Every structure is written in structure tokens, then in C-alpha cells.
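Residue strings, one per chain:
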Amino acid sequence: MTFSSVDITTDQDGEKSRDKKWPWFGAPVYAAALFAIFYVTVLPSFNSYPKMLYRSEEALHPDEFIGERAMTQLAEFSAIGYKLAGSINNEVHTVNFLLREIQKIKDEARTDLYDIEVEKQYSSGGFFLWGMTMSYTNLSNVVVKISQKTSNNENYVLVNSHYDSEVETPAAGDDGAMVVIMLETLRVISRSEKPLVHPVVFLFNGAEEACMLGAHGFITQHKWAKNCKALVNLDSTGAGGREVLFQTGPNHPWLAKYYQQSVPHPYAQTLAEELFQNNFIPSDTDFRVFRDYGGVPGLDMASVINGYVYHTQYDNYRNVERGTYQSTGENVLPLVWTLANAPELDNPEAHAEGHMVYFDFLGWFMLTYTTSVSVAINIVVSVAALLCIGSSLYMMTLDNGADAPKAVIKRFGVIFLVQTGTALVSCGLTLLVAVFMQGVGLAESWYYGKWMTFGLYFCTLYFAMGLLPAFYIQWTKRKTHMKLDQTIACFMHAHCILLALLCIIMTSMGIRSSYFFMIGIFFYAISVLVQITLKLTVKKSYFVTVHLLCQFLPFLFYTYIAYASLVTFVPMQGRDGPDSSPELLVCLFVIITGIQYAGFTVPIMHKFRKPKIVFSTFGVITIIFIILAATPAGFPFVKEVAPQRYYVLHTQRIFHNLDGSTLQDSGFYIQPVETRTHELDDTTLKNAEPTSWTDATCAAEPYCGLPIYSGRWNDWKDSARWIYSTAPEFPIAIDLTLVSKEAQTPNKLKYDFSLKASDRIMMYIEPYDHVRVANWSMDQTPLIEEHLPPFLIYHVYSQTEDPFDFWMEFEHDESNTEGPFFKLVVVEHFLYHQEYYTDDYKEFLATFPDWTYTTDWFSALESWNF
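All values derive from a computational prediction rather than experimental measurement.

So what's going on with helix 6 (residues 253-262)? Residues and values would help.
Extensive coverage of helix 6 is indicated by the burial of seven of its 10 residues. Among all positions in helix 6, only P253, W254, L255, A256, Y258, Y259 and S262 are buried. In this fold, the buried residues of helix 6 make contact with strand 5 (228-236), strand 6 (243-249), strand 7 (298-303), helix 9 (324-340), strand 8 (356-361) and strand 9 (365-370).

So what's going on with the nonpolar core? Residues and values would help.
Grouped together as the largest cluster of nonpolar side chains are 185 residues, with contacts concentrated most on L213, F218 and Y794. Sort the elements by how many residues they give to this core and helix 15 (residues 543-572) lands first, with 15 residues. Contacts of Y794, omitting those with residues within four sequence positions, involve M132, T133, M134, S135, A210, C211, L213, Y709, R760, I761 and M762. Judged by nonpolar contacts, the second largest core, of 63 residues, contains V144, V180, V332 and A340.

How would you explain the packing of aromatic side chains if you had to name every residue and give the values?
Tallying each qualifying case throughout the model produces 71 aromatic pairs. Aromatic pair W451 and F625: ring centres 5.9 Å apart, planes at 70°, arrangement edge-to-face. With W451 in the loop between helix 11 (404-439) and helix 12 (452-476) and F625 in helix 17 (residues 611-629), this pair connects stretches of sequence that are 174 residues apart. Classification of W451 by relative accessible area gives partly exposed; the value is 46%. By relative accessible area, F625 is classed as buried at 13%. Among the aromatic residues, those joined into a cluster by ring pairs are F359, F361, W364, F365, Y369, Y515, F516, F517, F557 and Y558. The ring of W22 has K607 lying over it, and the distance from NZ or CZ to the ring centre is 4.8 Å. Above the plane of the ring of W807 lies K750, whose end atom (NZ or CZ) is 4.8 Å from the centre.

Go over helix 16 (residues 582-601), please, and point to the residues and values.
Taking 1.5 Å of rise per residue, the 20 residues of helix 16 would be expected to cover 28 Å, and the 28 Å separating its terminal C-alpha atoms lies within 8% of that figure. Helix geometry: helix 16 is bent most strongly at G594, by close to 40°. Counting buried positions along helix 16 yields 17 of 20 residues, so the element is predominantly enclosed.

Can you break down unusual backbone geometry residue by residue, with the values?
Residue D175 follows D174 across a cis peptide bond; omega there is 15°. Checked against the element boundaries, D175 lands in helix 4 (residues 172-190). Residue P790 is bonded to the preceding P789 through a cis peptide linkage, with omega at 5°. Looking at the secondary structure, you find P790 in the loop between helix 20 (781-784) and strand 17 (791-797). Even without being a glycine, A171 presents a positive backbone phi close to 60°.

With reference to specific residues and values, describe the environment of F522.
Along the polypeptide, F522 turns up in helix 14 (residues 515-537). Residue classification places F522 among the partly exposed positions, given a relative accessible area of 36%. F522 sits 140 residues away from S382 along the chain, and the two C-alpha atoms are 7.6 Å apart.

Help me get a handle on the pattern of salt bridges, residues and values and all.
One pass over the full model with this rule turns up 28 salt bridges. The residue E274 makes a salt bridge to R512 at a minimum N-O spacing of 3.7 Å. Highlighted residues: E274 in helix 7 (residues 270-277) and R512 in the loop between helix 13 (484-508) and helix 14, separated in sequence by 238 residues. Across the pair, exposure class does not vary: E274 and R512 are buried alike. Put simply, D665 and R653 hold a salt bridge, and the shortest N to O gap is 2.8 Å. Note that D665 is positioned in strand 11 (residues 662-672) and R653 in strand 10 (residues 644-656), a separation of 12 residues in sequence. Just as D665 is buried, R653 falls in that class too.

Parameters at a glance
One numbering rule holds for all chains: residues counted from 1, following each sequence as written. Given that this is a predicted model, residues contribute local features only at a pLDDT of at least 70 and side-chain atom pairs are listed and counted only at 80 or more, while totals for whole chains, interfaces and linings are drawn from all residues. Each side-chain value is worked out from all heavy atoms of the structure, with water and hydrogens disregarded. Buried residues are those whose accessible area, probed at 1.4 Å on protein chains only, stays under 20% of the maximum for their type, while exposed residues exceed 50% and partly exposed ones sit between those limits. For helices the rule is a DSSP run of H or I covering at least 4 residues; for strands it is a run of E covering at least 2, with both sets numbered from the N terminus onward. Only heavy atoms enter the contact rule, under which two residues are in contact if any of them lie within 4.5 Å. We call a set of buried Ala, Val, Leu, Ile, Met, Phe, Trp, Tyr and Cys residues a nonpolar core when their side-chain atoms join them within 4.5 Å. In this analysis, rings of Phe, Tyr and Trp, with Trp reduced to its six-membered ring, are considered paired at centre separations within 6.5 Å, and the interplanar angle assigns stacked below 30 degrees, edge-to-face beyond 60, and tilted for intermediate values. Definition used: whenever NZ (Lys) or CZ (Arg) falls within 6 Å of the ring centre and also within 35 degrees of the ring normal, the charge is taken to sit over that ring. What a helix should span is 1.5 Å times the count of its residues minus one. Working definition for bend: take the seven residues up to and ending at a residue and the seven starting at it, fit an axis to each, and measure the angle between the axes. Any Lys or Arg side-chain nitrogen located within 4 Å of an Asp or Glu carboxyl oxygen qualifies as a salt bridge.

This is the structure in C-alpha cells:
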């Protein structure tokens, strides 16, 4: 079998017989070859890490990051255990760990070259985020500034990571690995003779998981904050691995340029940035706070490997990818050094020239350019591709006789319509499979076994992309003078035109990710141009050979993005909420990436005999995988590796009614966080109340009288379950005191309250009809912007016994002098007090299967009318 130009033979009647085809068994060989290219190139590139440097080699590697030291530090950090903001572990033990390590760095630093200042910051304040009014008291940060003695520059680089954790997690990956990488970066800089024109501030942030309060405390209150002109934010949504750059700027393209110039292991995609900023990722980072409240532009980077352990007890030292330390350290250290010596830092606003387009190629290298350049590139490449396709069609008319121009144009028009239909049917059929999987309760069968996406969605896409053109080619094979190669080329021409139109439309809409389409268009245009040149010079186009050679790089790029997308986004679907559509989201990722290369690689399979059978095989594979999804092989959850997540709160609720009576109940409040919400209906949740159990409280109480912990929980409440139980035990009960009630005017009342409760409080405030909140002592944003009630307030204390004092003013109709005027609900959450768990609670938690994971604590809710 050879991939040469097509042979044309003539029968005894002088009529052209159809083009000879290659043997059918070449088709699976071709498909296997493409998979092999992916396997031996993309996978090793994505999972490649540099050789770790050890302390014993330090003398041979001056000014280089020593990964072993960071790894050793992480072991100690992880051993501290959970580190929730406000807890002893976070505020004392972790802070002491950081201060010890920083002191070691100071002791070894070149004191003749550097000044190193260390501060332990405690801050209190408030702001508005995610539909909640935030408030905090006495939260801690550890801040270090290193500056060169020879420089008196007052413009700083800020490097941030957080040392606090979520519930019951050692936080080795999120964000301990970044903390120790910052420590080692500080150490290397402090011992180097390299220039450091601008000081660097290392912010070890003590309250990121608590709604990013630590970052707000620093950027709005610390004395060094106003001097911070650029940011490197380091976070995680997994257990280490390669860190992806997924936000830049805004409007400071020089930052991405310095990243490109300095980072040896780039992993960055504008596509990821636009997905993140459009809420495809169920989390946020401190980057938002520094940007919105400090106006600091920067680079936002996060590790993404093994997101299954994110915010669980399995985010431990053992599960952190070993290559993380050296790989991320070798990126962060030169990046910080480069930014600290960047002249743009002295006047960043003079260089705020718009957004950047950036992307890496398999981690081998990275390209960056401004959006204005991107517009020019996208338009030029798209138009050039259209011109090349037009030239190719003209060459076809010369090959097919005097009457060919009209026939070729007509046939290409039909093929364009067929290919357009093929693309639509391919996308539609793939989406239909996703809707079917979701509808029959087989969603997320790929959750642990990502290989399931190949059979369910990639094969569906290949099946439709190939079968419809195969029918057309079979139907018209004796009705045209066009050669098979030319027919196949026309299908690919049509596909390229569709991509070019999409690229132009997205570019006109200001979508920077349109580069994603441009890359495929560019390489296809090169392929067509080379074929035309060869045809004109050596009289042969070498169609298949040239085409496949030119498709090699885009095939690598698109499969790399497909794989990276699955690695990143699949684990996130296990915590994206019961109201999400994970099947559709993963399906869309497959379509967006797969259709880019499928339109240029699948048509080659028409060169083989029996193409309809070959393409039908992909459809059979899809059916087999749907059946597999209904078997234990398709069960998505795995013990300790990829568990199904639930929030479980042991809760007591007290409602003080308008007639003076009090209602009280207790129970287990269970909140699923992904879409397969009925897995435990016959076991753990068999005694749960009907889903309508909240109807009465929803009518009478804000947020249905549920002890929600964030605004998202309110959106999820329809899937929440409740099982009545004995009451929990509390180390401290809610103690709300009405300090004063004063009439400010005939229709305005001011209430002063003092509240003692746990260190995490949620409050719901709901005015009655014809009453509005006129003012309060908390952040004014929801009042200024006239948000609709109920209002949600989140408050965190840290290491203080002082009460939370607040006041509110209400305006009401002058005729309504007696009230009631508003409902006030206080919820206290005890996130790290497992020693108070009752036996009933422990027994209930033990009924969850080993393939589930519970994030559990206890809470109290009390509701009043005033």
C-alpha cells in the first residue's frame, strides 16, 4: 500500500473507471497510526517534568530552584493537618511554620546585598462578592519584602499564594505546594548576586478559602499594598502537576510577553482564560480581589492535575505530583526575577495597551501577540486560505476538460452543502448522545475513566463526519469526472471554509480564542499552497503525503488541547453542582477540539475500500460504550480516587414565629454537589424526607430556612435532602442581643445588634413588604446597587472572643409603626470541631459508601422577626 497519487484507468469502451482505492484494512492501520502519534507525542509532552535538583547538588546549580527542599517543606506543611482560617492550626501552627522557614532564609541570605522585612498582618474589613456581603475580623497574613540595598525603587512585584485550607484537608496541593515554591523562590533570590531592580513582596495569604478575605485584607490595608504594581498569583485546583497560566492583565500585554520570555515550561492558553472568565470553572482565585480592589494587573497560574482530590482529605503530601516542585519552581523563579527587573513596572499604566492572545504548543514553546495583531492574523490567514482554495478549484477545472469549470463549481457547491450538513449532524448527534446519557441517568460514566469519552463522543463525531460524505461519494461516483482525490480535497476545502467563517465571526465579536480556529486554517492553507506549487512545477500534487505532513502539527496541537481539557475539566464536574450539565459540557469540549482535526484527517479514510463499513465501526463502538456505561465498568466513582461528593451538616433549627411561638427541629442536611443525586436513595438516604419537605419553610423563611454556606447552595436546594435526627452538641450557642432600637425619623428605625457565635456566620436579612434596608454597618454595595432581598451576609472571626457588632436602618410606611419590619436569620457553622460530633452523626456518616466523600460539619440556625 502506498500513499501516492491516484491512478486512473480506462476500460475497453474508453470510459474512465473509478479511482483505485487502497485495501480496507489500511483504514484501521491509519486510525491506529494517528492514535500512536497522540500516544507517543502528546501524552509524554503533557506529563513531562524536569529532573529534580537536590540539596546535595546545590553548589553545582547556583541561582537555580532546588525542588527537593520545597518537597521536604511540603511534608511538614501537610503534616499540620487542616488549616481553616480562624483555627489554631492555621493562625498559630502554620504561621509559626512559615516564620521559622523565613527566618532560616534570612539567616542564610546575602545581608550585604538584600534587606528582608517580615510582617505578620492581622486585618478586619468587608466587601461584596458572589452575591454575598463579606465581613471579617482579625484574619492573618504573613508578608515578606525583599529588596536590594542598592535600589530604592518603590514599585513592587507581588507574589501570592494561600496557606489556609478547606474543611478536613491538609491542603498539600491547594495551596501548600505553591507556598513552599514561594519559600524556595525567596531563598534563591536572597542568595543571588543577580540584579533585583524592584522589590518583591511575598504574600503568604491566610484566608483564601474563606472567600478570599486574606487577599482583601492585604490589598486594602497593608502599607506595602499601594506599591504593588504587578502580581503573580499561584493557586491550585488539583494536586500539583504543570501549572497553567489562565488569566493575564487585564490590559497589560507586557506581562504575558515576560512570561513567554522567562518561563522554560510554558503552559498557557487564552482559551482557558475566556472559559474561566465565563464561569466554566466552579471556583475563583485571589486574582479577582487584587484586580478589583487594588487595580493590580498580573498573571494567574494554577496547577490542575488530579482535581479529584481538590478540597478533600486526599489532598495530601503523598498525592502531590512529584514533578510539581521542580517544574513549577523553574517557572516561577525566573518569572519573578524577570518581572522584578522589568522597566514597565515603574509606570504600568503607560503600557496598558490591551489584551493579549497567548498559547503554548505542547509545552515546547509559546506564542503571544496583542489582540490587534490577532485580528490581523485571523483575517489574513482566513482570506489567504480562501484564496488558496479558490486557486485549487481552478486547478481542478484544468484537470477535467473544457466543460469542467461549470461542473467543478457545481459539484463543489453541492459538496460544501453536504459538508455543512455533515458538520451540523456530527455536532448534533454527539450532543444527542450526551442528552441521552444524562436523560437515562448514565451521566459522568467518564468521571474516573476518561477513556469513556473516546467511545461515547469522539467515535460519534468520527462516525457522522465520515459516513455522510461516504454516502455522497458512493452515490455520485459514476456521475462525475472528478477524481477521488479531488472530491476528498473538496470536502476538506469546504471544512476549511466553515472554519474560516467561524474564525472571522468570532474575531469580529472580540473573542480572542478565535486563534483556536486560525491554527487549523493556517496549516491547511499551507498544505493547499504546497500542492498547487508541486502541481505547477513537477506536475504532481502528492496530495495525501503533503496533506498529512501539514496536518501533523495541528493534529498534535488539537489533541493536546483535547487531552488537557479533559484532565482539567472532568474532575471539576464532580463538584459543579447538581444543577449543572456535565455531560453536555464534556461533549462540547470534544466537539470543539475534535472537529478541528477530524475535518482534515477523517476524509483521508475515503481512500480505503469499504469506507461506509469503516465509519460504521465508529458508530458500533459508540453503542458498545453506551452499554458499558450501564455496567459496573461505567460507574463513575472510585474509593479514595474519584469519590462522589456530598456536604453533610448536622443541623438544629429554631424558628421564632410572629405569634410568639417557637418551632424547633434537628436533622441531617445533605447537599449533593454533582448531578447523579439518586445514587443513595435506597441506602443512606432511604429515610430522607420527600423533596417537597422545604415547601412550607420556603414560603415563610429566607433561603427556605436552610443552613446554606454559600449563595450556590440556594441554587442547589431542590436536590437537598433532610433526615430528622437528634440535636447536635454545640461548643457555643447563638447569642444575639438587640442592643438598641431607635427611631431616626417617623419612618426610619435603627437596630443595633451584638452577636456571639462560632467563627463562621451566615446571616439572612429579609425586609417585609413595604420595608427596605436604608443603611447598615457592612459593605454598602448591595444597597447602592439596589439588590433584591433577601440579603446574604458572611462573617468570619479569627482568634477573638469579641462579639460581632453591627447595625441596620430600615425605612417603612409611616402607617406601619408596630412592625414587624424584617426577618433576621443567623446560621453558625462549626467546620473543624469534630470532637463535638454526636454518636448519631458519626453513625449516619458511616452509612455512606466508601466510594463517596462527605464534607461534614455541624451548624445551628435561628430565625427572628423584628
